[in-house]
Amino acid sequence: PKGVARFEELTQAGFYNDCRFFRVLPGFIAQFGINGDPAVMNKWRTANIADDPVKVSNTRGTVVFATAGPNTRTSQIFINTRDQGNGFLDRQGFAPFGEVIQGMEIVDQLYAGYGEGAPSGKGPNQMLIQKQGNDYLTSAYPKLSYISKAS
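A brief look at the structure comes next.

**Notes on the overall build of the chain**
The number of helices and strands found in the chain is five helices and five strands. For a compact globule of 151 residues, the expected C-alpha radius of gyration is about 15 Å, and the chain comes in at 14 Å, within 12% of that figure. Counting only C-alpha atoms, the chain reaches 40 × 30 × 30 Å along its principal axes. Burial statistics for the chain: of 151 residues in total, 44% are counted as buried. Long-range contacts, defined here as pairs at least 24 residues apart, represent 66% of the contacts in the chain between residues at least 6 apart. Carbon together with sulfur atoms contributes 50% to the accessible area of the chain, which is approximately 8000 Å² in total.

Below, the structure written as structure tokens:
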């Protein structure tokens, strides 16, 4: 699947190193995938890949690319954390490409205190993350959990 290929490409490039989980909504999802360096993020922000067909359901622990509509997957990913899964996302075209097979207890402990992102919540503003990177996040949202190194 195209999603697997993109994930491997980004991981091998070190893209997810020091990425913050900027949107953690307990019982729903934990989202990451905006690089902390605006110059790096700018290279990938519009590098869309085509959608993959939904072949498995959005069950707890599945790993899925976020989208802004059809064929708009770039680098942002979420992990489904709802015990009953998020099957309603299947009908919206969110195609899981992986699964957390060990360590969901860590995902469940990611910092969730900031809630939904701006403008509908008090969490980080995705546009500001893209423009200012980790400088913005570490100063305004210092408690965010992050990936130190992805390999």
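**Looking at the packing of aromatic side chains**
Across all of its chains, the model carries 12 aromatic pairs by this definition. For the pair phenylalanine 15 and tyrosine 16, a centre-to-centre distance of 5.2 Å together with 85 degrees between the ring planes defines the contact as edge-to-face. Looking at phenylalanine 15, the relative accessible area reads 2%, which means it is buried. The structure contains a cluster of three or more aromatic residues connected by ring pairs, namely Phe7, Phe15, Tyr16, Phe21, Phe32, Trp44, Phe65 and Phe97. Between arginine 20 and the ring centre of tyrosine 146, over which it is positioned, the NZ or CZ distance is 4.3 Å.

**As for the pattern of salt bridges**
For the structure on display, the rule yields six salt bridges. Residue arginine 6 is joined to glutamate 9 by a salt bridge in which the shortest nitrogen-to-oxygen separation is 3.4 Å. One end of the pair is arginine 6 and the other is glutamate 9, both in helix α1 (residues 2-12) and three residues apart, which spans about a single turn. With a relative accessible area of 41%, glutamate 9 lands in the partly exposed category. Across the pair aspartate 83 and arginine 60 runs a salt bridge whose closest N-O atoms are separated by 3.7 Å. Taken together, the residues aspartate 83 in the loop between β4 (77-80) and β5 (96-99) and arginine 60 in the loop between α2 (38-44) and β3 (62-65) connect sequence positions 23 residues apart. Where salt bridges share partners, they join Asp51, Asp52 and Arg73 into one cluster.

**Focus: the sheet that holds β4**
Sheet architecture is open: five strands sit in the order β1-β2-β4-β3-β5, paired in antiparallel fashion. Each end of this open sheet is capped by a strand with a single partner; those strands are β1 (23-25) and β5. Looking at each pair of strands side by side, their axes are set apart by 20 degrees on average, direction ignored.

**A look at the environment of asparagine 17**
Within the fold, asparagine 17 resides in the loop between α1 and β1. Among the residues examined, asparagine 17 registers a relative accessible area of 25% and is labelled partly exposed. Counting along the chain gives 64 residues from asparagine 17 to threonine 81, while the straight-line C-alpha distance between them is 22 Å. For asparagine 17, the contacting residues outside a window of four places in its chain are Ile147, Ser148, Lys149 and Ala150.

Analysis parameters
- Residues numbered from 1 in each chain as written.
- Predicted model: local features only at pLDDT ≥ 70, side-chain atom pairs only at ≥ 80, totals over all residues.
- Heavy atoms only, no water.
- Helix = DSSP H or I, 4+ residues; strand = E, 2+ residues; numbered from the N terminus.
- Rg over C-alpha atoms; globule rule 2.2 N^0.38 Å.
- Buried < 20%, exposed > 50% of the residue type's maximum accessible area, 1.4 Å probe, protein only.
- Contact = heavy atoms within 4.5 Å.
- Areas by Shrake-Rupley, 256 points an atom, 1.4 Å probe, with all protein chains shown as cover.
- Phe/Tyr/Trp six-rings, centres within 6.5 Å; stacked < 30°, edge-to-face > 60°.
- Lys NZ or Arg CZ within 6 Å of the ring centre and 35° of its normal.
- Salt bridge = Lys/Arg side-chain N within 4 Å of Asp/Glu carboxyl O.
- Pairing = 2+ DSSP bridges.
- Axes fitted to C-alpha atoms, helices over the stretch in contact; angles between N-to-C directions.

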